[in-house]
Every structure is written in structure tokens, then in C-alpha cells.
Amino acid sequence: MRRMAVALVLAAVVAPMGACSSGSGSDLVGPTWRWTHLTETEPAHQSVVPDPQNYTLTLSDDGTFSARADCNQVHGSYTTNGSSLTLKPGASTLAACGDNSLDTQYVTLLGTVTSYDIKDTDLTMQLGQGAGTMGFAEGS
């Protein structure tokens, strides 16, 4: 009986801790997000991503993500707290994707994300230091 009580207490303590590692961003998890546009503040500029299917982001329940950065694959971790979001790119393939690729810019920008907002099937990620936003659409 005592072991069962200890197990229940441990389950009550460990379960919330696990949920904190990936935060409350359950609305982020599941879809594959396609990077569609970038809005920069200094200098003010908005650009459309020419091939959104080549720049994707998929977040998992376990606090990890996978991304396609043109011809490269990137894996990393993320945390959320309310609308705050931190992405930490990790292992990546390092193929040369070509002069017109946005692969390096994309991965660099992911590492500067500070928060997110989802409306319908659109995801907006705020970049650190007020640098701008990355826009994503839900897709495959």
C-alpha cells in the first residue's frame, strides 16, 4: 500500500514537470508549418518565401522539433510558457543548398524566436529584440 502511495505522489510531481518541458504550446504541436514570409523592422522590409514547402517546422509533444531548411534537415528542442517560445536548433545536415537558398537565414531566425501567436491556420513568430516576425501557414 505504501509503494502505491509513493508511486501516486511521484506521478503527481513528475507529470507536471514533463508538461513544463514543452510548455503549453499544444496548438503548435501536430501540424507541419510552412514558412511563408518574413517581416523585418530594421530596415523595414517584408519578403515572401519563394518555396514555403522547402522551409518547414514540426513540433512534437516531447519538446523537440524537426525542420526542413531547403536541402537540409534540422532537429532541436523548444520550450513554451504561455505565448513565449524558445527554439534551440541542434543537429543539422550541412549540405550546400545553392546561392538562392534561405537555409542559413531560416535556421538563424528560428534561434531568435521569442513568442508566437496562432490565428486560424496561420502562425506568427516574434523575433528577439523587435527584429520582426516570421509568418507560417499550416500545411504538409
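Our structure's up above, just so we're on the same page.
Described below are features of the structure shown in this document. What you see is a predicted model; the values in this text were computed from it and never measured.

1. Thoughts on the pairing of strand β1 (residues 32-41)
Right, on to step 1. Note that β1 and strand β3 (residues 55-59) share three bridges and pair antiparallel. Paired with R34 across the strands is T56, a residue of β3.
Right, on to step 2. One ladder, built from eight bridges, connects β1 with strand β9 (residues 132-139); its direction is antiparallel. Each residue of the ladder has a partner; that of T39, found in β9, is T133.
Right, on to step 3. The pairing of β1 with strand β2 (residues 44-48) spans five bridges and is antiparallel. Bridged to T39 within β2 is Q46.
Right, on to step 4. Connecting β1 to the next strand, β2, in antiparallel fashion are two residues.

2. Section: the nonpolar core
Right, on to step 1. Membership of the largest hydrophobic core comes to 27 residues, with the highest contact counts inside it found for W35, L57, L87, Y106, M125, M134 and F136.
Right, on to step 2. Apart from residues lying up to four places away in sequence, W35 is in contact with V49, P52, Y55, L102, Q105, Y106, L109, M134, G135 and F136.

3. Concerning the pairing of β3
Right, on to step 1. Most of β3 is tucked away, with five of its five residues classed as buried.
Right, on to step 2. Burial along β3 is two-sided: the residues Y55, L57 and L59 and T56 and T58 are all buried.
Right, on to step 3. Sheet analysis places β3 next to strand β4 (residues 64-69), joined by five bridges and oriented antiparallel. In the sheet register, T56 faces β4, and the bridge partner there is R68.
Right, on to step 4. Between β3 and the antiparallel strand that follows it, β4, lie four residues; G63 among them carries a positive phi value of about 85 degrees.

4. Some words on the state of the cysteines
Right, on to step 1. Throughout the structure, instances matching the rule amount to one disulfide.
Right, on to step 2. What pairs with C71 in a disulfide is C97, and their sulfur atoms sit 2.0 Å apart. Taking the torsion about the sulfur-sulfur bond, which here is approximately -95 degrees, the covalent link between C71 and C97 counts as left-handed. Within this pair, whereas C71 is found in the loop between β4 and β5 (72-81), its partner C97 is found in the loop between β6 (84-92) and α2 (103-110), the two being separated by 26 residues in sequence.
Right, on to step 3. Here C71 falls in the partly exposed class, since its relative accessible area comes to 39%.

5. Section: the pattern of salt bridges
Note that side chains of opposite charge can pair when their charged atoms are close.
Right, on to step 1. Applying the stated criterion to the full structure yields one salt bridge.
Right, on to step 2. The partner of K119 in a salt bridge is D117, with the nearest N and O atoms 3.2 Å apart.
Right, on to step 3. Since its relative accessible area comes to 55%, K119 is described here as exposed.
Right, on to step 4. On the basis of relative accessibility, which here comes to 37%, the residue D117 falls in the partly exposed class.

6. Thoughts on unusual backbone geometry
Right, on to step 1. Between E42 and the following residue, P43, the backbone shows a cis peptide bond with an omega angle of -10 degrees.
Right, on to step 2. With respect to the helices and strands, the residue P43 is situated in the loop between β1 and β2.
Right, on to step 3. Of note in this structure, D70 is not a glycine but carries a positive phi near 60 degrees.
Right, on to step 4. Turning to its location among the elements, D70 is positioned in the loop between β4 and β5.
Right, on to step 5. Within the chain, D120 stands out as a residue other than glycine whose phi angle is a positive 55 degrees.
Right, on to step 6. Considering the arrangement of structural elements, one finds D120 in the loop between β7 (113-119) and β8 (122-127).
Right, on to step 7. Taking the relative accessible area as the measure of exposure, D120 reaches 76% and is therefore exposed.

Reading guide: rules and limits
Residues numbered from 1 in each chain as written. Predicted model: local features only at pLDDT ≥ 70, side-chain atom pairs only at ≥ 80, totals over all residues. Heavy atoms only, no water. Pairing = 2+ DSSP bridges. Helix = DSSP H or I, 4+ residues; strand = E, 2+ residues; numbered from the N terminus. Core = buried A, V, L, I, M, F, W, Y, C linked by side-chain atoms within 4.5 Å. Buried < 20%, exposed > 50% of the residue type's maximum accessible area, 1.4 Å probe, protein only. Contact = heavy atoms within 4.5 Å. Disulfide = S-S within 2.5 Å. Salt bridge = Lys/Arg side-chain N within 4 Å of Asp/Glu carboxyl O.

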